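Fold and contact review
Next come the chains, spelled out residue by residue.
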Amino acid sequence: MKIKVFDLITLNKDNEALVSRGIKKDCSGVVVRKENDKFLVMFHNGHNYGDHVFAWVEEDCLDYLGVFPDGYQAELNAFVDDSKIDLEKCFTPCLVKENDIIEITEEVPEYIAEGLYPGVTGVVISSYAINGRWDVIFDNAGEERNKFVQKVVAEKYFKVIGSLDD
């Protein structure tokens, strides 16, 4: 099948240049441009939704998944036109994973309102972030440390201190 602009794809093999940017086999994305025999693909970081990188890829490295929805194609085009396409940008590294035990490290008004002060610990319950924010369960929150809270927490405000998987 011939790949076209707006096709949803997966990368079917590793390429050293792409791997160095975090783009590995089975990474998915959408074709946003075609020039000669290459396709500009906006790849999506499966561990941090909202994080994306652009790369030129040859057709034989791509497997077809489907078509980007018609109703959103103009919006995607506008987004790509407004984006600074940095062909050296890498995916944001994700060092956090599901079941990691984290500790709040900074006072954030939004978190304090929920009783989440620096030093409070919780467990990551999501397998991916959304724009660098992770879903976390805290069972030791509040003034008395007796409150259960589920909160989406930005990675920049916590550190990993262990894992339930260890």
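Residues numbered from 1 in each chain as written. Predicted model: local features only at pLDDT ≥ 70, side-chain atom pairs only at ≥ 80, totals over all residues. Heavy atoms only, no water.

**Side note on the environment of Glu155**
- With respect to the helices and strands, the residue Glu155 is situated in the loop between β11 (147–154) and β12 (158–163).
- Relative accessible area serves as the criterion here: at 24%, Glu155 is assigned to the partly exposed category.
- In sequence terms Glu155 and Gly132 are 23 residues apart; their C-alpha atoms lie 5.8 Å from each other.
- In this structure Glu155 touches Leu95, Val96, Gly132 and Trp134, once residues within four positions along its chain are discounted.
- A distance of 3.2 Å separates polar atoms of two side chains, one belonging to Glu155 and the other to Trp134. (Helix = DSSP H or I, 4+ residues; strand = E, 2+ residues; numbered from the N terminus. Buried < 20%, exposed > 50% of the residue type's maximum accessible area, 1.4 Å probe, protein only. Contact = heavy atoms within 4.5 Å. Polar contact = N/O pair within 3.5 Å; in protein donor to acceptor, adjacent residues only side chain to side chain.)

**A word on the pairing of strand β10 (residues 133–141)**
- Looking at chain direction, strand β8 (residues 121–124) and β10 are connected through 2 bridges and run antiparallel. Directly across from Val123, in β10, lies its bridge partner Ile137. (Pairing = 2+ DSSP bridges.)

**What to know about the pairing of strand β5 (residues 52–58)**
- With 5 of 7 residues buried, β5 is to be regarded as a mostly interior element.
- Relative to β5, strand β3 (residues 38–44) runs antiparallel, the two sharing 7 bridges. Paired with Val41 across the bridge in β5 is Ala55.

**Describing the pattern of salt bridges**
- Under the counting rule described, the total for this entry stands at 6 salt bridges.
- A salt bridge links Asp81 to Arg33, with the nearest nitrogen and oxygen atoms 2.5 Å apart. In this pair, Asp81 is assigned in helix α2 (residues 70–82) and Arg33 in strand β2 (residues 28–35), connecting sequence segments 48 residues apart.
- The class for Asp81 is exposed, based on a relative accessible area of 53%.
- Lys89 is the salt-bridge partner of Asp51, the closest N and O atoms lying 4.0 Å from each other. One end of the pair, Asp51, is in the loop between β4 (48–49) and β5; the other, Lys89, is in the loop between α2 and β7 (100–104), and 38 residues separate them in sequence.
- Residue Asp51 is classed as buried on the basis of its relative accessible area of 8%. (Salt bridge = Lys/Arg side-chain N within 4 Å of Asp/Glu carboxyl O.)

Note that all results are geometric; they support no functional claim without further evidence.
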